[in-house]
Protein chains: 2
Amino acid sequence: MDQSPPRNTSVTVADVAHKAGVSKATAARVLGGYGTVSDRVREAVTAAARALDYRPNELARSMTTGRSGTIGVVVGDIENPFFSLAVRGITDVARQAGFTVILINSGEDVAAEKAAIRTLLAKRVDGLIVSPAKESDVEHLREAFRSGLPLALLDRGSDELDVDTVIADDRHAAEAVTCRLLSLGHRNIAYLTACDTPDHRFRTAKDINTGSVRRRIEGFLGACRDAGLTGMEQWIHVGAVTPEHTQRIAKGMLQSALRPTALIASDSVIGLEVFKVCRELGLSVPHDLSLVSFHDADWTSVTTPPVTVVRQPVYGLGETVAKLLVERLNGERQDARKVVLKTEIVERASTGEPIQGER
Amino acid sequence: MDQSPPRNTSVTVADVAHKAGVSKATAARVLGGYGTVSDRVREAVTAAARALDYRPNELARSMTTGRSGTIGVVVGDIENPFFSLAVRGITDVARQAGFTVILINSGEDVAAEKAAIRTLLAKRVDGLIVSPAKESDVEHLREAFRSGLPLALLDRGSDELDVDTVIADDRHAAEAVTCRLLSLGHRNIAYLTACDTPDHRFRTAKDINTGSVRRRIEGFLGACRDAGLTGMEQWIHVGAVTPEHTQRIAKGMLQSALRPTALIASDSVIGLEVFKVCRELGLSVPHDLSLVSFHDADWTSVTTPPVTVVRQPVYGLGETVAKLLVERLNGERQDARKVVLKTEIVERASTGEPIQGER
DNA sequence: TTGAAAGCGCTACCAT
DNA sequence: ATGGTAGCGCTTTCAA
């Protein structure tokens, strides 16, 4: 009747054991690679498994061991080159350590992030890597961590959360970049970020909920203050959440009477849109506007002029956070570690002195 | 002794049932949302679950139902903007349909791809989306499919494999692009791809194992043949597997005596490197070289000159393949569907007539 | 409408 | 070294 090859509709250890003429326990030992078995039996079982085309059921294994061999990763948006590169770092380390990765996008929305973590908990992931949408709203993370789930934070830390964290030295980078612009003679320096506030206006760094961005803004404001400049808060623009928003905000800024002579883009997606706007408005970079962008995205080196950037070790960020988590999963460490990776300013031709006489 | 809040170290249906004063089966019915229960009991159980902070164990659920609520996705490299955008499309559709995604990079290596699929099978994913590294080597896919696992192919089909497939009209796009270059007067048109052959040389399209690329090359050669050009195989270069390789190959080509007047890059990563090489060698685009790239990557519109590209609906590719798979998982369809999405040539300033008198 | 009990496929503990 | 057996937490008959 059934002339198809050995139907693999769930060949179990019991089946293999039966064919090999040994007990279920023994078959399980060789199939699962634990315990001790004689060479003779091992071969018999292996042969039977091959003949039957046995495939282990990791789900069942996880049920009894309590380990799923899975790491949950929650990032803002995998489409963003920053995250896709970081995720590449994470998956590389995870795979090498024998873990698979379940990936969920939060869209930088806390509600979605919470749902994602609930899902991941239900799937019984062994550990969690999260790039929190809002550092002020991390109760769900704290709870997951307290309930015993190893947790590591990517790119955005939280002072309140004492867990493994890997970030870049954003504050320092922003300070350095700002100082450079100041020393070139700029005084009207704008900062543009995707992070938003309830009324879409910036007042104080405390309103910024994304850790990395808040630190950058603090660095920016700090450098300005050190240079004797006050009220620089007015140059910080928030809410560049989509290319369209970014374009609108950038145009508004660059066409106003009191326009910036330099602009710092908080990520490469924003930097790209600002660059496009400059073209569209016929503004010369760096003559009319000096442009600096965070993240050394591929396009920044091929524009005319090429764009000065803050180079972050993005792949390394992912790699490192995954390593920390794996260490913890392997029980090699208990204490929380906060790692800060160095950035580097790559000065290219998009930055220069402001036009003479202007401001 | 233990003064911490309700320890959530695995609160089970049994615990909830006990607290609610009902049987395990009844508690399971309301917790699992199946069967019928009275409102009174439902409330009691819900309250008990909340009090105990019950979290369902999807693993256990999957054990009995046989469905894991998970889709396995195998792509070449999530770092590549093409794949990260496609994956975004996949995850969006999957999430909306109630599935999570396990992501594995194959690095375009068949052995890694096989291992990935083995892992995914062991994890009992409900379905699989794969962008096969080599269409000539799909025995593992055929096997997975035959064993009853719903499978859908992304960007790279296989005539031998009668499964759901979503690709772009690569052949047509390549034909159109080639015709355009021919009509501009180009005769020395190079094609550069990451796909490699054993001896790193191109002979015939049959040697190209990546479906999408093979189709493009067939389109390229077909268009040349129609124009009366023969021996164009010599202009096809393979093995641009890393930026370094790409740079080396591109330099070799552009510095040789018989150099191309136009070049088609098989993906945006290659296109970017070629663009850089042109700069480095001081070649003017399009004066010295007309450049066309597949994939409308973000950077292509901001270079000087902006680059002519084949715009593929990459997000849509991912979206569509995920929809097909979900349809099948929901048992809404049995037959295999092959979807071909339209591309569009975006002609920008990187293409023009070749220099007078040359060849 | 509710409850009792039988598994899902595997690991792990205790004997032998 | 090998076998028997008791679960893991859930769903799913089958009865009541």
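The preceding data block contains the structure.
Here's a quick rundown of the structure. Keep in mind the model is a prediction, meaning the values are calculated, not measured.

## Things to note about the protein's contact with DNA strand D
Taken together, 26 residues sit near DNA strand D, with Thr26(A), Arg29(A), Ser38(A), Tyr54(B) and Arg61(B) positioned nearest. Sugar and phosphate atoms constitute 63% of the interface atoms of DNA strand D, taking the interface as everything within 4 Å of the protein. Residue Ser23(A) places a main-chain N or O atom 3.0 Å away from a phosphate oxygen belonging to DNA strand D. Taking Thr64(B), its side chain carries an N or O atom lying 2.8 Å from a sugar or linking oxygen of DNA strand D. Mapped by element, the contributors of at least two residues to the surface near DNA strand D are α2 (24-32) and α4 (58-65) of chain A together with α2 (24-32) and α4 (58-65) of chain B. The element contributing the most residues to the surface near DNA strand D is α4(B), with 5 residues. Counted by class, the surface near DNA strand D contains 13 nonpolar, 10 polar and 3 charged residues.

## Details of the protein's contact with DNA strand C
Of all residues adjacent to DNA strand C, which total 27 residues, the nearest are Val13(A), Tyr54(A), Arg61(A), Thr26(B) and Arg29(B). Restricting attention to atoms of DNA strand C within 4 Å of the protein, one finds that 63% of them are sugar or phosphate atoms. Backbone polar atom of Val13(A) to a phosphate oxygen of DNA strand C: 2.6 Å apart, as the coordinates give it. Of all the elements in the fold, those that place two or more residues in the surface near DNA strand C are α2 and α4 of chain A together with α2 and α4 of chain B.

## Some points on the packing of aromatic side chains
Here the structure, examined in full by the defined rule, presents 6 aromatic pairs over all chains. Ring geometry for Phe82(A) versus Phe83(A): centroids 5.4 Å apart, planes at 85 degrees, classification edge-to-face. The exposure class assigned to Phe83(A) is buried, which follows from its relative accessible area of 4%. Note on Tyr191(B) and Phe220(B): the rings are 5.9 Å apart at their centroids and 40 degrees apart in plane angle, and the pair reads as tilted. Residue Tyr191(B) is found in strand β6 (residues 189-192), and its partner Phe220(B) is found in helix α9 (residues 211-226); the two are separated by 29 residues along the sequence. The pair formed by Tyr191(B) and Phe220(B) is uniform in burial state, with each residue classed as buried. Positioned over the ring face of Phe294(A) is Arg216(A), at 4.1 Å from the centre of the ring.

## A few points about the interface of chain A and chain B
On the chain B side, the residues contacting the 44 residues of chain A number 44 residues. Here chain A meets chain B over a buried area of about 4,200 Å², counting both sides, of which 58% is carbon and sulfur. At the junction of chain A and chain B, the tally comes to 4 salt bridges. A salt bridge links Arg55(A) to Glu143(B); its shortest N-O distance comes to 2.9 Å.

## Looking at the packing of helix α8 (residues 170-183) of chain B against α9(B)
Residue and element names in this part refer to chain B. Direction vectors running N to C along α8 and α9 enclose 35 degrees, while the axes themselves pass 7 Å from each other. Crossing angle aside, the handedness with which α8 passes α9 is right-handed. In contact with Asp170, Arg171, Ala174, Glu175, Thr178, Cys179 and Leu182 of α8, α9 contributes Ser212, Arg215, Arg216, Glu218, Gly219, Phe220, Ala223 and Cys224. The residue makeup of the contact of α8 with α9, split by class, is 6 nonpolar, 3 polar and 6 charged.

## Description of the sheet that holds strand β9 (residues 290-294) of chain A
Residues and elements named next belong to chain A. Here we have 6 strands laid out as an open sheet, ordered β7-β6-β8-β9-β10-β12, and mixed in their pairing. The open sheet has two edge strands with one neighbour each: β7 (236-237) and β12 (344-346). Here 3 bridges tie strand β10 (residues 308-311) to β12, and the two strands are oriented antiparallel to one another. Note that in β12 the partner of Val310 across the bridge is Ile345. Running over the sheet, helix α10 (residues 243-255) touches β6 (189-192), β7 and β8 (262-265) and is turned about 170 degrees from β6. Running over the sheet, helix α11 (residues 268-281) touches β6, β8 and β9 and is turned about 155 degrees from β9.

## A closer look at the relation of the copies chain A and chain B
With an RMSD of 0.1 Å, the fit of chain A onto chain B corresponds to turning through 180 degrees and sliding 0.1 Å along the axis. The symmetry that links the two subunits is that of a two-fold axis. Most of the interface of chain A is mirrored in chain B, where 100% of its interface residues again form contacts.

About the criteria used
Positions within a chain are numbered from 1, following the residues in the order the chain's sequence is written. Whichever chain is written first is A, and whichever ligand is written first is 1; the rest continue in order. Owing to the predicted nature of the model, reporting of local features is limited to residues with pLDDT of at least 70; listing and counting of side-chain atom pairs is limited to 80 or more, with chain, interface and lining totals taken over all residues. Side-chain descriptors were evaluated using all non-hydrogen atoms of the structure, hydrogens and water having been removed beforehand. For this description, a residue counts as near a given molecule or strand if any of its non-hydrogen atoms is within 4 Å of it. Each polar contact in these results corresponds to two N or O atoms within 3.5 Å; when the atoms are within protein, one needs to be able to donate a hydrogen and the other to accept it, and residues that are neighboring in sequence are counted only if both atoms are side-chain atoms. Each helix corresponds to a stretch of at least 4 residues labelled H or I by DSSP, and each strand to a stretch of at least 2 residues labelled E; elements are numbered beginning at the N terminus. When residue character is reported, Ala, Val, Leu, Ile, Met, Phe, Trp, Tyr, Cys and Pro are called nonpolar, Asp, Glu, Lys and Arg charged, and the others, Gly included, polar. Two aromatic rings, drawn from Phe, Tyr or Trp (for Trp, its six-membered ring), form a pair once their centres lie within 6.5 Å of each other, and the interplanar angle then sorts them: stacked below 30 degrees, edge-to-face above 60, tilted otherwise. In this scheme, a residue with accessible area under 20% of its type's maximum is buried, one over 50% is exposed, and one in between is partly exposed, where area comes from a 1.4 Å probe on protein chains only. Two conditions define a charge located above a ring, namely a distance within 6 Å from the ring centre to NZ of Lys or CZ of Arg, and an angle within 35 degrees of the ring normal. Contacts are assigned to residue pairs with any non-hydrogen atoms lying within 4.5 Å of each other. Accessible surface is computed with a 1.4 Å probe, and the buried area is the amount of it that two parts give up when combined, taken over both parts together. When a carboxyl oxygen of Asp or Glu is within 4 Å of a side-chain nitrogen of Lys or Arg, the pair counts as a salt bridge. In this description, a line fitted to the C-alpha atoms serves as the axis of each element, helices being fitted only across the stretch in contact, and the angle between N-to-C directions of two axes falls anywhere from 0 to 180 degrees. If you view the pair so one helix is near and one far, a crossing is left-handed when the near helix is turned anticlockwise from the far one by less than a right angle, and right-handed when it is turned clockwise. In this scheme, strands are said to pair when DSSP sees at least two bridges between them. Copy-to-copy superposition: least squares on the C-alpha atoms, limited to residues that have pLDDT of at least 70 in both copies.

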